[in-house]
Amino acid sequence: MNPHITTSSEANGNVSAATARASERAAERAEAAGPRPVTLAKALNTALADAMEADTGVVLFGEDIGTLGGVFRITDGLTARFGVERCFDTPLAESGIVGMAIGMAMNGMRPVIEMQFDAFAYPAFEQIASHLAKMRNRTRGAVDMPVVVRIPYAGGIGGVEHHCDSSEAYYAHTPGLKVMTPSTVSDAYRMMREAIASNDPVVFLEPKKLYFSKDPVDLEGLRAEYEAAAAAGQHPTEGHAAVARAGTDATLIAYGPSVSTALAAAAAAAEEGRSLEVIDVRSIVPFDDETVCASVRKTGRAVVISEAPGFASVASEITARVQERCFHSLAAPVLRVTGFDIPFPAPKLEGFFLPSVDRILDTVDSLQWED
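Residues numbered from 1 in each chain as written. Predicted model: local features only at pLDDT ≥ 70, side-chain atom pairs only at ≥ 80, totals over all residues. Heavy atoms only, no water.

A. Broad picture of the overall build of the chain. Secondary structure assignment for the chain yields 14 helices and 14 strands. The C-alpha radius of gyration of the chain comes to 22 Å, within 12% of the 21 Å expected for a compact globule of 371 residues. Across its three principal directions, the C-alpha atoms of the chain cover 90 × 45 × 45 Å. Split into buried and exposed, the 371 residues of the chain put 51% on the buried side. As displayed, the chain offers around 16,400 Å² of accessible surface, 55% of which is attributable to carbon and sulfur atoms. Within the chain, the 48 negative side-chain charges are centred at a point lying 3 Å from the centre of the 32 positive side-chain charges. (Helix = DSSP H or I, 4+ residues; strand = E, 2+ residues; numbered from the N terminus. Rg over C-alpha atoms; globule rule 2.2 N^0.38 Å. Buried < 20%, exposed > 50% of the residue type's maximum accessible area, 1.4 Å probe, protein only. Areas by Shrake-Rupley, 256 points an atom, 1.4 Å probe, with all protein chains shown as cover. Lys, Arg positive; Asp, Glu negative; His and termini not counted. Charge placed at Lys NZ, Arg CZ, Asp CG, Glu CD.)

B. Representation of the packing of helix H11 (residues 289-299) against helix H12 (residues 314-326). Across the interface, H11 lies against H12 with an axial gap of 10 Å and an inter-helix angle of 60 degrees. Relative to H12, the crossing made by H11 is right-handed. The segment H11 lies against H12, with Asp-289, Val-292, Cys-293, Val-296 and Arg-297 engaging Arg-321, Val-322, Arg-325 and Cys-326. Looking at the contact of H11 with H12, its residues break down into 5 nonpolar, no polar and 4 charged. (Axes fitted to C-alpha atoms, helices over the stretch in contact; angles between N-to-C directions. Left-handed = near helix turned anticlockwise from the far one by under 90°. Contact = heavy atoms within 4.5 Å. Nonpolar A, V, L, I, M, F, W, Y, C, P; charged D, E, K, R; others polar.)

C. Looking closely at the pattern of salt bridges. Summed over all chains, the structure comprises 20 salt bridges. When the shortest N-O distance is used, the salt bridge between Asp-50 and Arg-223 registers 2.7 Å. One end of the pair, Asp-50, is in helix H2 (residues 40-54); the other, Arg-223, is in helix H9 (residues 219-231), with 173 residues separating them in the sequence. With respect to burial, Asp-50 and Arg-223 carry one shared label: buried. Salt-bridge contacts for Asp-289 lead to Arg-325; the nearest nitrogen and oxygen are separated by 3.6 Å. Pair noted here: Asp-289 is in helix H11 and Arg-325 is in helix H12, with a separation of 36 residues, a long-range link. On the accessibility criterion, Asp-289 (17% relative accessible area) is buried. Each of Arg-136, Asp-144, Lys-178, Asp-200 and Glu-238 takes part in salt bridges that share partners, so that together they form one network. (Salt bridge = Lys/Arg side-chain N within 4 Å of Asp/Glu carboxyl O.)

D. Molecular detail of the packing of aromatic side chains. One pass over the full model with this rule turns up 10 aromatic pairs. Summarising the aromatic geometry, the rings of Phe-72 and Tyr-211 are spaced 4.9 Å apart at their centres and angled 40 degrees between planes, so their arrangement reads as tilted. Here Phe-72 is found in the loop between strand S2 (58-62) and helix H3 (78-82), whereas its partner Tyr-211 is found in the loop between strand S7 (202-207) and strand S8 (214-217), with 139 residues between them in sequence. Both residues of the pair, Phe-72 and Tyr-211, count as buried. Between the aromatic rings of Phe-125 and Tyr-170, the centroid separation amounts to 6.2 Å while the plane-to-plane angle is 70 degrees, which identifies the pairing as edge-to-face. Separated by 45 residues along the polypeptide, Phe-125 in helix H5 (residues 125-132) and Tyr-170 in helix H7 (residues 168-172) bring together distant segments of the chain. Grouping aromatic residues by their ring pairs yields a cluster made of Phe-72, Phe-117, Phe-120, Tyr-211 and Phe-212. The side chain of Arg-301 reaches across the aromatic face of Trp-369, ending 4.0 Å from its centre. (Phe/Tyr/Trp six-rings, centres within 6.5 Å; stacked < 30°, edge-to-face > 60°. Lys NZ or Arg CZ within 6 Å of the ring centre and 35° of its normal.)

E. Spotlight on H2. With 15 residues, H2 ought to run about 21 Å at 1.5 Å a step, and its terminal C-alpha atoms sit 21 Å apart, in line with that. By the criterion of burial, H2 is predominantly enclosed, with 12 of the 15 residues buried. Where H2 is concerned, the buried positions are Leu-40, Ala-41, Ala-43, Leu-44, Asn-45, Thr-46, Ala-47, Leu-48, Ala-49, Asp-50, Ala-51 and Met-52. (Expected span 1.5 Å × (residues − 1).)

F. Looking closely at the side chain of Arg-110. Tracing the chain through its elements places Arg-110 in strand S4 (residues 110-114). With residues near it in sequence (within four places) discarded, Arg-110 still touches Asp-55, Gly-57, Val-58, Val-59, Pro-146, Ile-196, Ala-197, Ser-198 and Asn-199.

G. Geometry of the domain arrangement of the chain. Domain boundaries in the chain define domain 1 (35-230) and domain 2 (240-364). Each of domain 1 and domain 2 was reduced to a C-alpha centroid, and the two centroids are 25 Å apart. Taken together, the 26 residues of domain 1 in the interface contact 22 residues of domain 2. In this assembly, domain 1 packs against domain 2 so that about 1,800 Å² is buried in total across both faces, 59% of it on carbon and sulfur atoms. In this assembly, domain 1 and domain 2 are joined by 2 salt bridges. Inspection of the region where domain 1 meets domain 2 yields 10 residue pairs in polar contact (both at pLDDT 80 or more). Those elements that provide at least two residues to the side of domain 1 that touches domain 2 are H7, strand S6 (178-180) and helix H8 (185-197). In terms of residue class, the side of domain 1 that touches domain 2 is built from 14 nonpolar, 7 polar and 5 charged. (Domains from an automatic or database assignment. Buried area = accessible area lost by both parts, 1.4 Å probe. Polar contact = N/O pair within 3.5 Å; in protein donor to acceptor, adjacent residues only side chain to side chain.)

Dropping the structure here:
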């Protein structure tokens, strides 16, 4: 029999398989309709699946993300759903992972790669800084570089050395890279979809301690919202900070894993009669000066919060930008609450290292307040 001739039974089998897949998708969408408790990990998984469904050029690869579904199960089920050609495991070679992604992007694909932990990405930094970040500029825009580098980052999980770094400053300091980090379930979905759609490389920092936090979310509504924004050429999260909590007395500026700590501090301050506004930066690069500075001009005081060591940090840059742009509105110097300038400590000591509600409130109290 000619191997290229499809028999009626094979054709029926293909139709049945396609019908089954369509039924599965319909069931998933029906299940996702309406608000329900969703983890940040599930939102990322759904965003990846939706992007793969919408564009066959989207491919996922990295260490253990295929059959296992990733250390944190962010890619769980995607190999079974889309095949090993589109979601697959790689050797333990981060530089090779990024290098392969660059080549694939140059040939029209949209790779989404995972660095298994934050500090595991350092062997790939030369590829990221020298090639990934510079390719569009080097070619005067002739070559797009739609690569998303997913990095589980920061502390709060009791991890050991090389598993809890906050390395955002390295990437934010590298021209040509976008740097994004979500703090909510809804933003995890929105921001991942926007990152994959970008023709510039995006370093997507995923706060490990928030992976299994839950919010009531309408995934079907998020999907429709994203598709409508994309059709209109809008990017609601890229370059846009968000007001996570309104306030009048001082502004807490945070991103990623520090946002939940800032919100907890604001709630505690409210019990003492002090109103703190919380700004979720979301997009470190490009940075939203307008939203951040509008809040600081309103409150007259600001504290920047970040888990990374404070010296030469993203927190330093935010502090400088606010000081420059809001100088005449400030009632006190802009202060910071950050990790200390030491390597990330052993698990039992991370509670002393990470910004806490008490450290934030003590810093707020040290701002210049009138009696």
